[in-house]
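# Summary of the model geometry
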Amino acid sequence: MTRNTTSTFSLPDRDGLEARFGVRVASMLGERAQSTAPDISERLRFAREQALSRAQAARRQVQAATAPVVVSRGRSAALASPLGWWFKLGSAAPLALLVLGLAGIAHVHDKAQIAAVAEVDAALLSDDLPPDAYTDPGFAEYLKTTRE
Amino acid sequence: MATDKELSDFLKSVEKRAFKRTAFAVRDDDAALDIVQDSMIRLAEKYVDRPAAELPLLFQRILSNATMDWFRRQKVRSAVVHNFSEFGGAGDEDGEFDILEVLDNLEGTVGTESASDSVSREQILRIIEVEVGELPTRQREAFLLRYWEELDVAETASVMGCSEGSVKTHCSRAVHALAKALKAKGLAP
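Numbers given to residues run from 1 along each chain, matching the order in which its sequence is written. Each chain gets a letter, beginning with A, and each ligand a number, beginning with 1, in the order they are written. Local features in this predicted model are restricted to residues of pLDDT 70 or higher, and side-chain atom pairs are both shown and tallied only at a pLDDT of 80 or more, whereas totals for entire chains, interfaces and linings draw on every residue.

### Considerations on the overall build of chain B
Operational definition: Strands are runs of DSSP state E lasting at least 2 residues, helices are runs of H or I lasting at least 4, and numbering of each runs from the N terminus. Residues are called buried when their C-beta atom has 20 or more other C-beta atoms within 10 Å, exposed when it has 12 or fewer, and partly exposed otherwise; all C-beta atoms are positioned from the backbone. C-beta atoms are placed from the backbone for every residue, and two residues are taken to be in contact when these atoms lie within 7 Å.
Check the secondary structure of chain B and you find nine helices and zero strands. Taken from the N to the C terminus, the helices and strands of chain B come in the order α-α-α-α-α-α-α-α-α. When each of the 189 residues of chain B is scored for burial, the buried share is 42%. The long-range share in chain B, meaning contacts at least 24 apart out of those at least 6 apart in sequence, stands at 67%.

Spelled out as structure tokens, the structure:
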């Protein structure tokens, strides 16, 4: 078989020829690769199984991160989920309401006490007897003899 | 998200080629097996949420990176960089070499045991394997990714971290170097 070894191919022909050659060599290489030694095949199988078990573990982690789970909080249990921020907010709201309620009750109680004292003061000030009379020794003596 | 079966099928389909490709690079079967195993585990752990269609390219990237990491650990980086910067030897300049001769001869061996008078098919396959292993690192990487892993030029460039033009150059030089070497071994008329 004689063939002119001087390349007269155009660029696309040459690319195509190279690709054909590459594919042909690679397929023969693949044929050879399929006949790997049993110990290598076994180690590759082990590696694959390891990778699969890691993938399953990683998948479980992803699912755990996206699904609600029951978690312990001290002696109680609560639902945790990726919406934990909203969950915490929901948990804190009743506590905040309780604190506000107590503060309100204390405020109302203080106001009631102030009103009672003011009422007594107002009664004393608006009485016919002037408050200075209670400091007068004569008036005190008068009150004592009157009771007797 | 790739299912367990898709991941398993993919790994099964790629594991032997991955091992061979890595063994070509590191020239040590045990190290190649470790690298392939690490790459499989990295793929499984970090990219388990990716669709099955993305696995081939991801795996090739991981495998290439793991191989580079191995070279770094071996502290032969300077030698690797030297190899990676190679653009082939004198034979690569032989643009006039007619690869059609070798191609015809290789295609003539398909399904036949008597394609060559002096070289059996098994020997041919072994010679091809040796010659591919002898290619400069970057040329071999480009050749195997393009023609063995069947990545396109853009994907190969992405895995190798170079331009598409470089991939084409590496592939072309690899093909010519292989054709010349195989002809020298009597695989051409």
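### Brief notes about the overall build of chain A
Looking only at helices and strands, chain A features four helices and two strands. Taken from N to C terminus, the helices and strands of chain A fall in the order α-α-β-β-α-α.

### Considerations on the interface of chain A and chain B
Size of an interface: often given as the accessible area lost when the parts come together. Stated formally: Amino acids are sorted into nonpolar (Ala, Val, Leu, Ile, Met, Phe, Trp, Tyr, Cys and Pro), charged (Asp, Glu, Lys and Arg) and polar (every other residue, Gly among them).
Taken together, the contact pairs 36 residues of chain A with 44 residues of chain B. Among the elements that line the side of chain A that touches chain B, the one with the most residues is helix α1 (residues 11–33) of chain A, at 15 residues. Residue composition of the side of chain A that touches chain B, by class: 17 nonpolar, nine polar and ten charged.

### Quick word on the packing of helix α7 (residues 137–148) of chain B against helix α9 (residues 164–184) of chain B
Residues and elements named next belong to chain B. Selection criterion: Every axis corresponds to a line fitted to the C-alpha atoms, with the helix fit spanning only the stretch in contact, and the corresponding angles, defined between N-to-C directions, vary from 0 to 180 degrees. Orientation categories follow fixed angle ranges, with anything under 35 degrees roughly parallel, anything over 145 roughly antiparallel, 65 to 115 roughly perpendicular, and all other angles oblique.
Taken N-terminus to C-terminus, the directions of α7 and α9 make an angle of 95 degrees; their axes are 8 Å apart at the nearest point. As the angle between them shows, α7 and α9 are arranged roughly perpendicular. In this structure, α7 uses Arg138, Gln139, Arg140, Ala142, Phe143 and Arg146 to contact α9, whose residues at the interface are Val167, His170, Cys171, Arg173, Ala174 and Ala177. Residues that form the contact of α7 with α9 fall into these classes: six nonpolar, two polar and four charged.

### Brief notes about the environment of aspartate 34 of chain B
With respect to the helices, strands and loops of the structure, aspartate 34 of chain B is situated in helix α2 (residues 29–46). Distance from aspartate 34 of chain B to threonine 22 of chain B, taken between C-alpha atoms, is 9.8 Å for residues twelve residues apart in sequence.

### Topic: helix α8 (residues 153–160) of chain B
Residue and element names in this part refer to chain B. Going by this rule: The directions considered for the arc are those from the helix axis to the C-beta atoms.
Those residues of α8 that sit buried are Thr156, Ala157, Val159 and Met160. Axial view of α8: buried residues confined to an arc of 165 degrees, hence all on one face. Against α3 (55–73), α7 and α9 lie the buried residues of α8. Trailing α8 by a residue or two, glycine 161 shows a phi angle of about 70 degrees, which is positive.

### Examining the confidence of the model for chain B
All names here are of chain B. Inclusion rule: For every residue, the pLDDT score states the predictor's confidence, bounded by 0 at the bottom and 100 at the top.
With 75% of its residues at a pLDDT of at least 70, chain B reaches an overall mean of 80. By mean pLDDT, helix α4 (residues 77–84) is the weakest element of chain B at 54, and α2 is the strongest at 92. Confidence estimates for the predicted assembly give a pTM of 0.60 and an ipTM of 0.72.

### A few points about unusual backbone geometry
All names here are of chain B. The backbone of arginine 27 shows a phi angle near 55 degrees, a positive value even though the residue is not glycine. Here arginine 27 is to be found in the loop between α1 (4–26) and α2. C-beta crowding within 10 Å serves as the criterion here: with 10 such atoms nearby, arginine 27 is assigned to the exposed category.

### Observations regarding the confidence of the model for chain A
For chain A, mean pLDDT is 79; residues scoring 70 or higher make up 78% of the total. Below pLDDT 50 for its whole length, residues 1–7 of chain A participates in eight contacts with residues either more than four positions away or in separate chains.

### What about the packing of α3 of chain B against α8 of chain B?
All names here are of chain B. Rule in force here: A crossing counts as left-handed when the near helix is turned anticlockwise from the far one by less than a right angle, and as right-handed when that turn is clockwise.
Orientation of α3 relative to α8, taken along the N-to-C sense of each, is 35 degrees, at an axis distance of 9 Å. In this structure, α3 meets α8 at a crossing whose hand is right-handed. Touching Leu57, Gln60, Arg61 and Ser64 of α3 are Glu155, Val159 and Met160, all from α8. Grouping the constituent residues of the contact of α3 with α8 by class yields three nonpolar, two polar and two charged.

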